[in-house]
Amino acid sequence: MKILLSGGCKSGKSYHAQRLAKAQARQGGALYYVATMKSADGEDDERIARHRREREGWGFVTVERPADIGGILESCDPGGSFLLDSLTALLANEMFPRQGFVDHGAAATIIAGLTRVLKEADDVVLVSDFIYSDAAFYDPLTEAYRKSLAEIDRAAAELCGAVLEAAFGSIIAHKGKAAYEAIL
Amino acid sequence: MIFIFGGAYQGKLAYARDRFGLADSDIYRCGESAEMPEGGKVICGLEKWILALVYANADVEDEMQRFIRRNEEAVVICDDISGGVVPADATLRKWREAAGKAATELASHSDEVIRLFCGIPTRIK
């Protein structure tokens, strides 16, 4: 099934998402980790290396896809189990592809690509970040980024059979509770 | 009173429009004014009014009691701003606390409380 999993920082999203993707993989079928992060500096390198270490032994094939998410269908078997971590990084790459340039159509591009992926692939876990509950005023660009990510989340929530919220290690099912519980 | 809350851009107003079949004229949108919101079937963006009260040095708890008495039949929508980092700015810290207290007060006076997450409503009261 298709699952959207969101939550705050360090809420246990990645771990739960990996468990779900692994549980959805069929006997002998492919298990894909769609890596969306483009490294900008040493800190990112470390984070990527840590995530790779955490995935070791799970049987994931890593597919680098920092942009054009629909393109994974050309190189991957749609019958495989996909884990896409994360929509947040994907949007950053699509919206700010290079210094001094902003693509305000990024959300629409991603929604179109995701719609294709979610229609053609059987089992997909999407990870996003819940960045909507702080008492702060951001610059217009950051605000546009938050709004775009929320648009993507909401479109994905409609297309997914389960929508989950990670809360410090626990999972709240906002949609598809029974189906989600049957996976694990 | 029905209270709808959730993070920014989670589909709170879209949910209210859907459920109550609202026209634009049914919606009172809070702005930068500290004046008491009233008269809409739906009062949207209550966190903005609370911020205006904080800026005006008003007694927010008092104002909330008056607000509740005048809007018994309204649907009230408020952003949940209780999640992020504690703001470095003192006014925003005050706002965050006032909004949390106000939301708790509104929820306790409401017949129904709904939280929106990625466009999905959950009835929590």
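For the structure itself, consult the block above.
What counts, and where the lines are drawn
- Residues numbered from 1 in each chain as written.
- Chains lettered and ligands numbered in written order.
- Predicted model: local features only at pLDDT ≥ 70, side-chain atom pairs only at ≥ 80, totals over all residues.
- Heavy atoms only, no water.
- Helix = DSSP H or I, 4+ residues; strand = E, 2+ residues; numbered from the N terminus.
- Rg over C-alpha atoms; globule rule 2.2 N^0.38 Å.
- Buried < 20%, exposed > 50% of the residue type's maximum accessible area, 1.4 Å probe, protein only.
- Contact = heavy atoms within 4.5 Å.
- Areas by Shrake-Rupley, 256 points an atom, 1.4 Å probe, with all protein chains shown as cover.
- Lys, Arg positive; Asp, Glu negative; His and termini not counted.
- Charge placed at Lys NZ, Arg CZ, Asp CG, Glu CD.
- Polar contact = N/O pair within 3.5 Å; in protein donor to acceptor, adjacent residues only side chain to side chain.
- Buried area = accessible area lost by both parts, 1.4 Å probe.
- Salt bridge = Lys/Arg side-chain N within 4 Å of Asp/Glu carboxyl O.

S.K.: With reference to specific residues and values, describe the overall build of chain A.
M.R.: In terms of regular secondary structure, chain A is built from seven helices and seven strands. Put simply, chain A runs from its N terminus to its C terminus through helices and strands in the order β-α-β-α-β-α-β-α-α-β-α-β-β-α. Since a compact globule built from 184 residues should have a radius of gyration of about 16 Å, the 16 Å found for chain A is in line with a globular shape. Seen through its C-alpha atoms, chain A measures out along the principal axes to roughly 45 × 30 × 30 Å. For chain A, buried positions account for 46% of its 184 residues. The contacts of chain A with a sequence gap of at least 6 include a subset with a gap of at least 24, amounting to 72%. Of the roughly 8600 Å² of accessible surface on chain A, a fraction of 52% belongs to carbon and sulfur atoms. A distance of 3 Å separates the average location of the 21 positive side-chain charges in chain A from that of its 26 negative side-chain charges.

S.K.: Give me the lowdown on the side chain of Arg55(A), citing residues and values where you can.
M.R.: All names here are of chain A. Considering the arrangement of structural elements, one finds Arg 55 in helix α2 (residues 42-55). Within the structure, the side chain of Arg 55 is placed 3.4 Å from the side chain of Thr 62, a separation counted as a polar contact. In contact with Arg 55, other than residues within four places in its own chain, are Gln 18, Tyr 33, Phe 60 and Thr 62.

S.K.: Provide a residue-level description of helix α4 (residues 87-95) of chain A, including the pertinent values.
M.R.: Residue and element names in this part refer to chain A. Among the nine residues in α4, eight count as buried, and that is most of the element. Taken residue by residue, α4 has Leu 87, Thr 88, Ala 89, Leu 90, Leu 91, Asn 93, Glu 94 and Met 95 as its buried positions. Among the structural elements, β1 (2-7), β4 (81-85), α5 (106-120), β5 (123-127) and α6 (140-159) are those in contact with the buried residues of α4.

S.K.: Break down the interface of chain B and chain A for me, citing the residues and quoting the values.
M.R.: Chain B puts 22 residues into the contact, and the matching count from chain A is 21 residues. With both chains or domains summed, chain B and chain A bury close to 1800 Å², and 67% of this area falls on carbon and sulfur atoms. Its largest share of buried area at the contact with chain A, chain B owes to Tyr9(B), Phe117(B) and Cys118(B), together 41% of the area lost on that side. Put simply, chain B and chain A have one salt bridge between them. Notably, a salt bridge pairs Arg115(B) with Glu165(A), separated by 2.9 Å at the nearest N-O pair. Scanning the region where chain B abuts chain A turns up nine residue pairs in polar contact (both at pLDDT 80 or more). Of all the secondary structure elements, the ones that give two or more residues to the side of chain B that touches chain A are α4 (90-109), β5 (112-117) and β6 (120-123) of chain B. Element by element, the count of residues in the side of chain B that touches chain A is highest for α4(B), at three residues.

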